[in-house]
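# Close look at the chain arrangement
Letter by letter, the chains look like this.
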Amino acid sequence: MSQLTILDNYFAEKREKHLEELKKFLSIPSISSLSEHKADMQKGAEWLSDSFKQAGLENIVIDETKGHPVVYADWLHAEDKPTVLIYGHYDVQPVDPLNLWESEPFNPEVRDNKLYARGASDDKGQVFMHVKAVEALLELEGSLPVNVKFLIEGEEEVGSPNLEEYIESNKDKLAADVIVISDTGMQGPGQPAVCYGLRGLCGVQIDVKGAKGDLHSGLYGGGVQNSIHALVSILESFRDEEGTIEVEGFYDNVRPLMEEEREAYAALGFNEDDLKQEVGVTELFGEKGYTHLERVWARPTLEINGIFGGFSGEGIKTVLPSEAGAKITCRLVPDQDPEEIVTKLKAHIEKHKPAGVTVKVTEFDKGKPFITPFDHPAIQAAGRSYEKIYAVPTAYTRGGGSIPIVAAFDEILELPVVLMGFGLSTENFHAPNEHFHLDNFDKGLRVIGDYYNELSSLSKEELKK
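The shown structure was predicted, so the numbers you read here are calculated from the model rather than taken from an experiment. (Residues numbered from 1 in each chain as written. Predicted model: local features only at pLDDT ≥ 70, side-chain atom pairs only at ≥ 80, totals over all residues. Heavy atoms only, no water.)

### A few points about helix α6 (residues 227-236)
- Among the residues of α6, those classed as buried are S227, A230, L231, I234 and L235. Take α6 and look down its axis: the buried residues cluster within an arc of 135 degrees, on one side only. Exposed and facing more than 90 degrees away from the buried side of α6 are H229 and E236.
- Next to the buried residues of α6 lie β9 (200-209), β11 (303-309), β13 (323-332), α10 (338-351) and β14 (358-363).
- For α6, the side-chain oxygen to backbone nitrogen distance between the N-cap and I228 is 2.9 Å, and the N-cap itself is N226. (Buried < 20%, exposed > 50% of the residue type's maximum accessible area, 1.4 Å probe, protein only. Helix = DSSP H or I, 4+ residues; strand = E, 2+ residues; numbered from the N terminus. Arc of directions from axis to C-beta. Contact = heavy atoms within 4.5 Å. Polar contact = N/O pair within 3.5 Å; in protein donor to acceptor, adjacent residues only side chain to side chain.)

So this is what it looks like as structure tokens:
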């Protein structure tokens, strides 16, 4: 009997037991952003600790941080085999607006083979799958094909403010050969995907100040600078009419797409007409010479996220606004550095500042981009495991968004990162009626179990970046 068949029989037999356990995990309202749930965060960490013990893991510890705890566990008896660091989070988003939920967010319910609860998809369900895959292999074999370390945090939904310090302080404890994270999505129903790169992020707020107060446009119009006009002039200078960013040096360090990557994206058969219909636009927009997927996965952006200033009430008010402002963010790609980009943004703003106003630039949080080459052995091994279970080719994708802590793992531990998720973009994570398709729960358990076996066939030398 093959290893996959043994795993399949095991998970089929344990399915209801596993679902009941997962429901207990999901019933804990571990909302990291709300202080009234501090005790629930501790309860979530303790539940994980107990689950690790039940699975047969060792050296289990709830490590306190300046915020919510980190839960660590390991099993390190696979001599000369790779070590896998599994990262995830047990905290969840708030549930507002509660009236839009069709069932109680912390009273898990299965409907139409979907498990509804806050955290079902993001990220408790996916963390749980890794724990149960390890438990299955230990029960069936008495050992694991690789060494494993679990690092499950309680602050991902609030930006992981204490995790980077924890990683820096525990480099030896967290030493591994590859990091595996299941907190991303699939390409679509029945279409598995390994995400091998994420864009970075930086942002600033621009505050423009003109006269000491709003001025009557009849008395001063045409003779004193209007702060909104000045702001618009600055914003207009950022991009040309085709969307190319005109900040000096912005593209200097952008890593070009490999031809193999462009071919892989083209092979996905992405339909841009379907996207236009989905988002309700007549045309897509972006840099010339790139497809939509290339633009959102592998090219940097500069976007205006909000503008404020002047009078916006009913009717009209004939004033020259004294103040105006805007928030902008940039999505960054390998090898752009957020600090360097902010410096270039500031220089550009100063250069294009109109006469008659002062400009203040406030920096926001920054996150570096991340990439593991898509032909890396750990990435390709994940693809093989997906294909065995889903019986279709695996898509190799980048993510247009940013997960700053992933870049921190990449930079501090200098390890390849494999993002192999089982969620779908339609599963309402961060929104009412979050759910997890149980078809992907069932298949994902088998994929993860097989992936640990796939990794065991690779040497530590092969896994080095």
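Back to the write-up after that little detour.
### As for the sheet that holds β9
- Taken in spatial order, the four strands of this open sheet run β11-β13-β9-β14, and their pairing is antiparallel. Of all the strands in the sheet, just β11 and β14 have a single pairing partner and so form its edges. Neighbour-to-neighbour, the strand axes of the sheet open up by a mean angle of 15 degrees, direction not taken into account.
- As paired strands, β9 and β14 are joined by six bridges and run antiparallel to one another. Paired with K209 across the two strands is T358, which belongs to β14.
- This element, α6, spans β9, β11, β13 and β14 of the sheet and lies at about 15 degrees to β13.
- Together, β9, β13 and β14 form the strand contacts of α10, whose direction differs from that of β9 by roughly 25 degrees. (Pairing = 2+ DSSP bridges. Axes fitted to C-alpha atoms, helices over the stretch in contact; angles between N-to-C directions.)

### Digging into the pairing of strand β3 (residues 83-89)
- Taken across its seven residues, β3 has seven buried, putting it largely inside the fold.
- Both faces of β3 are covered, namely the face carrying T83, L85, Y87 and H89 and the face carrying V84, I86 and G88.
- One ladder, built from seven bridges, connects β3 with strand β6 (residues 147-153); its direction is parallel. Along β6, the bridge assignment pairs V84 with V148.
- As defined by bridge partners, β3 adjoins strand β7 (residues 178-181) across four bridges and the pair is classed as parallel. Paired with V84 across the two strands is V178, which belongs to β7.

### So, the packing of helix α11 (residues 377-390) against helix α13 (residues 438-456)
- Look at α11 against α13: their axes get within 8 Å of each other, and the N-to-C directions meet at 135 degrees. Comparing the axis directions of α11 and α13 gives the class oblique. Once α11 is placed against α13, the crossing between them reads as right-handed. Residue-level inspection shows A378, A381, A382, R384, S385, Y386, K388, I389 and Y390 of α11 in contact with α13, the latter providing N440, K443, G444, R446, V447, D450, Y451, E454 and L455.
- Its residues assigned to classes, the contact of α11 with α13 comprises nine nonpolar, three polar and six charged. (Parallel < 35°, antiparallel > 145°, perpendicular 65-115°, else oblique. Left-handed = near helix turned anticlockwise from the far one by under 90°. Nonpolar A, V, L, I, M, F, W, Y, C, P; charged D, E, K, R; others polar.)

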